[in-house]
Amino acid sequence: MSSHHIVRDEQEPALLILSLRDIRNSTIDELLEWSPTVVLPDILINDVLNRGFRFDIILCEEAKENLLRKSLRAYFPLRFLSASPDLWLDRTIDCLVESGHNALSIITDQFDDRFMTKKHLPNIDLVIYDTNFKWHRVQTHFKKWFPKGKEIRMVGSNFEITGYITSNRDLGDSYITEYNGMIVVSCSEPIWFGERII
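**Re the sheet that holds strand S8 (residues 141–146)**
And step 1. Here three strands make up an open sheet; going across it, the order is S8-S13-S10 and the pairing antiparallel. Looking at strand neighbours, the two that pair on one side only are S8 and strand S10 (159–162), the edges of this open sheet. Within this sheet the neighbouring strands show an average axis-to-axis angle of 15°, counted without direction.
And step 2. Where S8 meets strand S13 (residues 181–187), six bridges bridge the pair, whose relative direction is antiparallel. Bridging across to S13, Lys143 finds its partner in Val184.

**Considerations on the confidence of the model for the chain**
And step 1. On average, residues of the chain carry a pLDDT of 87, and 89% of them reach 70 or more.
And step 2. Confidence, read as mean pLDDT per element, is least for strand S11 (residues 165–167) in the chain (83) and greatest for strand S3 (residues 57–60) (97).
And step 3. Predicted confidence is poor over residues 1–9, with pLDDT under 50, and the contacts of this stretch with residues over four places away or in other chains come to 14 contacts.

**Details of helix H1 (residues 25–32)**
Every α-helix winds through 3.6 residues per turn, so residues three or four apart in the chain are directed the same way.
And step 1. For H1, the complete set of buried residues consists of Thr27, Ile28, Leu31 and Leu32. The arc that holds every buried residue of H1, seen down its axis, measures 125°, which confines them to one face. Exposed and facing more than 90 degrees away from the buried side of H1 are Asn25 and Asp29.
And step 2. Contact partners of the buried residues in H1: strand S1 (14–17), strand S2 (38–41), helix H2 (45–51), strand S5 (103–107) and strand S6 (125–129).

Calculation criteria
Residues numbered from 1 in each chain as written. Predicted model: local features only at pLDDT ≥ 70, side-chain atom pairs only at ≥ 80, totals over all residues. Heavy atoms only, no water. Pairing = 2+ DSSP bridges. Helix = DSSP H or I, 4+ residues; strand = E, 2+ residues; numbered from the N terminus. Axes fitted to C-alpha atoms, helices over the stretch in contact; angles between N-to-C directions. pLDDT = per-residue confidence, 0-100. Contact = heavy atoms within 4.5 Å. Buried < 20%, exposed > 50% of the residue type's maximum accessible area, 1.4 Å probe, protein only. Arc of directions from axis to C-beta.

See below:
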């Protein structure tokens, strides 16, 4: 199937854009390739319009919604989710799960504590892209082939990692692959697995 074919939005991970600062264009292009449902906060509307890609759902505070509806009329159909910025992630996940999505990719400039919530994790698969890493949410098991010299990181506890890796003690739960090969992670509770992308 050509990358130009359009699939139903629910078949591909939706995309939540929380920041575009220092994010590589190739990362954005890859995530937009299959025309996902795109969610973004109102503060990024101009940046996204300048880059020339569409969006489907706007996150905004309730007081701004009516003005945004009027100013974005040319881009309808759009949905609006009203919430304070600290609830944007939860509100997005709730909306996507209700509409049948089972996966969400997130672009942000920094992977931080707001992604550690466990409330929605059984309901939706999450992958987070920050400026340097691609973070996979691992429920119980993760397996992937990596080339020699790849930096990987773990956030969480009660996990086992196997494969040809060396611990990078200067960076806490950071590892470097020693050879080309498979890395396998098993955990008794959800963790985050990060692979350096630049």
